[in-house]
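Chain and residue survey
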Amino acid sequence: KASPAAQPPAAKPNRSKSEHVKTELAQVVVDAKTGRSYCKGKLLGKGGFARCYEMTDLANNKMYAVKVIPQSRVSKPHQREKIINEIELHKSLQHKHVVKFSHHFEDQDNIYIFLELCSRKSLAHIWKARHTLTDPEVRYYLKQIISALKYLHNKGILHRDLKLGNFFVNENMDLRLGDFGLAAKLETVEQRKKTICGTPNYLAPEVLNRQGHGTESDVWSLGCVMYTLLCGNPPFETLDLKETYKCIKEVRYSLPPSLNPSAQKLISAILQKNPSDRLTLDQILAHEYFTKGFTPEKLPPSSCVMVPELNP
Ligand code: ADP
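In this numbering scheme, every chain counts its residues from 1 along its sequence in written order. Local features in this predicted model are restricted to residues of pLDDT 70 or higher, and side-chain atom pairs are both shown and tallied only at a pLDDT of 80 or more, whereas totals for entire chains, interfaces and linings draw on every residue. Each side-chain value is derived from all of the structure's non-hydrogen atoms; neither hydrogens nor water enter the calculation.

Looking at the site of the ligand
The condition is simple: Throughout this document, a residue counts as near a molecule or strand when at least one of its heavy atoms sits within 4 Å of that molecule or strand. Definition of a polar contact: a pair of N or O atoms within 3.5 Å, with one able to donate and the other able to accept a hydrogen when the atoms are protein atoms, and with sequence-neighbouring residues admitted only if both atoms are side-chain atoms. Residue exposure ignores everything except the shown protein chains as possible cover, and the areas themselves are Shrake-Rupley values with a 1.4 Å probe. Numbering of helices and strands starts at the N terminus; helices are DSSP runs of H or I of at least 4 residues and strands are runs of E of at least 2.
Taken together, 15 residues lie around the ligand, and Gly48, Lys67, Glu116, Cys118 and Asp179 are the ones closest in. Lys67 places a side-chain nitrogen or oxygen 3.0 Å from an oxygen atom of the ligand. Note that a nitrogen atom of the ligand is positioned 2.9 Å from one of the backbone N or O atoms of Glu116. Burial of the ligand by the protein chains amounts to 85% of its free accessible area of 560 Å². Only strand S2 (37–46) and strand S4 (63–70) provide two or more residues apiece to the shell around the ligand. Considering each element in turn, the shell around the ligand owes the most residues, 3 residues, to S2.

Printed below as a string of C-alpha cells:
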C-alpha cells in the first residue's frame, strides 16, 4: 500500500470574518432558544450521517467542532433514535481523554452537535502521514486511550468502534476518544444483541461468531490499533472481507520480526481468541512494554508528520 503524502500538522487558522462574508460557504447558524449565533468555518470531515465543521460562537469567538446532521438523514424514527442515543450517552461523559460534549440544538434543516475542537484531527490522519509510529509515541497514545476506556468501562459503557479515526488529537497533542455512534451500555451475555457493528478489520472473533460484544472486545480492538500503529497495517487485512473474517476467527496474523520483543509479547497477549484469556486494561498498563519502556510527557506537534527526536 502506498504511503500517502505528509499532511500539515494542524488545521489552518480560521479565515477572518470579512473573508467569510465574501465566500459562498459563509453561513451563520442561530440557536433560536438561546439566541446565540455561530459562524460556519471550514469542513473538518465527513462521516456516515454527518458533516463536521469548525464553527465559531460570534459572542466570544470560541471555536467548536460541530457535527451537522441533515434532518433528511434522520427522517425515520430508528435513525433519529440512533442520534439521540449518541447525544444522550456522549452528554453523560466527562473525562480528560474523552472529546468534550458542549451542547446541541436543531433547526428545520439540521441537528447540530457542538464538540470540543480537536484541531489536529485524528490518529488516522497522523498514521496516514507517518505510516508507523515509534514505541514511545505508541505508549504515549495508548496510555491516554486506556485511561478513557477504563473510564467508559467503569461506567458500564462499551465503545464498540475503536479505530484510529476515533482517537482525536487537539492543538496541544492530547488524545481524546470520540464518536459514540456505536457505543452501548454493557449487557449480560444473555441480553447482548448479537448484531455486528463496527469496523470490519477490528472486530473481535466473539463478535463475528455472534456471541456479543463485551469489554474484552474493546480490548481486542485496542490490540489491533497497537499493531496498526507499530506495523503500518492492520493485523487482519486481506483483499477479501470473507478472508479477513476467517483470519480473525482463527487469529491468523504475523508479527514482523523487527518489532520490539515486548511489543510482540503484549500484542499476542491481547489478540487472544478467547475473551477471558485476553489481558485486561490494567494488565496492559502493567506489562513490561509500558513499565520497561519510556513514555514521553508530551509529543511535539511535528510528530504528526515526522519521526520525533525523543529523549528519556
Ligand atoms: P463518523 O461518525 O462517520 O466516523 P463523524 O461524523 O464522527 O464521522 O466525523 C466526521 C469527521 O469529522 C471525522 O473524520 C473527523 O475528521 C472530523 N471530526 C469529528 N469530530 C471532530 C472533533 N471533535 N474535532 C475535529 N474534527 C472532528
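Here the narrative resumes.
Structural notes on helix H2 (residues 77–91)
Let me state the cut-off plainly: To estimate the expected span of a helix, subtract one from its residue number and multiply by 1.5 Å. The cut-offs for exposure are 20% and 50% of the maximum accessible area for each residue type, with area from a 1.4 Å probe on protein chains only; residues under the lower value are buried, those over the upper are exposed, and the others partly exposed. Whether two residues are in contact is decided by their heavy atoms, any of which lying within 4.5 Å being enough.
Under the 1.5 Å per step criterion, the end-to-end length of H2 is 21 Å for 15 residues, consistent within 8% with the ideal 21 Å. Gln79, Ile83, Glu86, Ile87, Leu89 and His90 are the residues of H2 that are buried. Buried positions along H2 lie against S4, strand S5 (101–106), strand S6 (110–116), strand S7 (157–158) and strand S10 (184–185).

Section: the pairing of S2
Worth spelling out the cut-off: Each pair of strands is called paired provided DSSP finds at least two bridges between the two strands.
Here strand S1 (residues 28–30) runs beside S2; their pairing, made up of 3 bridges, is antiparallel. From the neighbouring strand, Val30 faces S2, where its bridge partner is Ser37. As consecutive antiparallel partners, S1 and S2 are separated by 6 residues, and within that stretch Gly35 has a phi angle of approximately 80 degrees, a positive value. Sheet analysis places S2 next to strand S3 (residues 51–57), joined by 6 bridges and oriented antiparallel. Paired with Gly45 across the bridge in S3 is Cys52. Counted between consecutive antiparallel strands, the loop separating S2 from S3 contains 4 residues.

Here's the deal with the packing of helix H6 (residues 215–231) against helix H8 (residues 261–270)
Two quantities define a packed helix pair, namely the angle between the axes and the distance from one axis to the other. Let me state the cut-off plainly: For helices, the axis comes from a line fit to the C-alpha atoms of the stretch in contact; other axes are also lines fit to C-alpha atoms, and the angle between any two N-to-C directions lies between 0 and 180 degrees. The cut-offs work like this: below 35 degrees is roughly parallel, past 145 is roughly antiparallel, 65 to 115 is roughly perpendicular, and the gaps in between are oblique. Each helix crossing is assigned a hand: it is left-handed if the near helix lies turned anticlockwise from the far helix by less than a right angle, otherwise right-handed if that turn is clockwise. All residues other than Ala, Val, Leu, Ile, Met, Phe, Trp, Tyr, Cys, Pro, Asp, Glu, Lys and Arg, Gly among them, are scored as polar; the first ten of these are nonpolar and the last four charged.
It is the contact of H6 with H8, at a shortest axis distance of 9 Å, that shows an interaxial angle of 150 degrees. Accordingly, the angle class assigned to the pair H6 and H8 is roughly antiparallel. The hand of the H6/H8 crossing is left-handed. Where H6 abuts H8, its residues Val219, Trp220, Gly223, Met226, Tyr227 and Leu230 lie against Ala263, Leu266, Ile267 and Ile270. Taken together, the residues of the contact of H6 with H8 sort by class into 9 nonpolar, 1 polar and no charged.

Section: the pattern of salt bridges
Put simply, the test is: Think of a salt bridge as a Lys or Arg side-chain nitrogen and an Asp or Glu carboxyl oxygen that are within 4 Å of each other.
Under the defined criterion, the tally for this structure stands at 15 salt bridges. Its salt-bridge partner being Lys67, residue Asp179 comes within 3.9 Å of it at the nearest N-O pair. Within this pair, whereas Asp179 is found in the loop between strand S9 (175–177) and S10, its partner Lys67 is found in strand S4, the two being separated by 112 residues in sequence. Given a relative accessible area of 26%, Asp179 falls into the partly exposed group. What makes Lys67 buried here is its relative accessible area of 18%. A salt bridge links Glu88 to Lys91; the nearest nitrogen and oxygen atoms lie 3.9 Å apart.

Some points on helix H4 (residues 135–154)
The end-to-end C-alpha distance of H4, which contains 20 residues, comes to 27 Å, matching closely the 28 Å that a straight helix rising 1.5 Å per residue would cover. When you tally the buried positions in H4, you get 16 out of 20 residues, the bulk of the element. Where H4 ends, the next residue or the one after it, Gly156, has phi of about 75 degrees, a positive value.

Topic: the sheet that holds S6
If you trace the 6 strands from one edge of the open sheet to the other, you get S1-S2-S3-S4-S6-S5, paired in antiparallel fashion. The sheet is open, and its two edges are formed by S1 and S5, each paired on a single side. On average, adjacent strands in this sheet sit at an angle of 35 degrees to one another, irrespective of strand direction. Bridging between S5 and S6 involves 5 bridges; their strand directions are antiparallel. Note that in S6 the partner of His103 across the bridge is Phe114.

Side note on the packing of H4 against H6
Across the interface, H4 lies against H6 with an axial gap of 11 Å and an inter-helix angle of 165 degrees. For the element pair H4 / H6, the angle class is roughly antiparallel. As for the relative orientation of H4 and H6, their crossing is right-handed in sense. Along the contact surface, H4 presents Asp135, Val138, Leu142, Ile145, Ile146, Leu149 and His153, while H6 presents Thr215, Asp218, Leu222, Met226, Leu229 and Leu230. A breakdown of the residues in the contact of H4 with H6 according to their chemical character gives 9 nonpolar, 2 polar and 2 charged.

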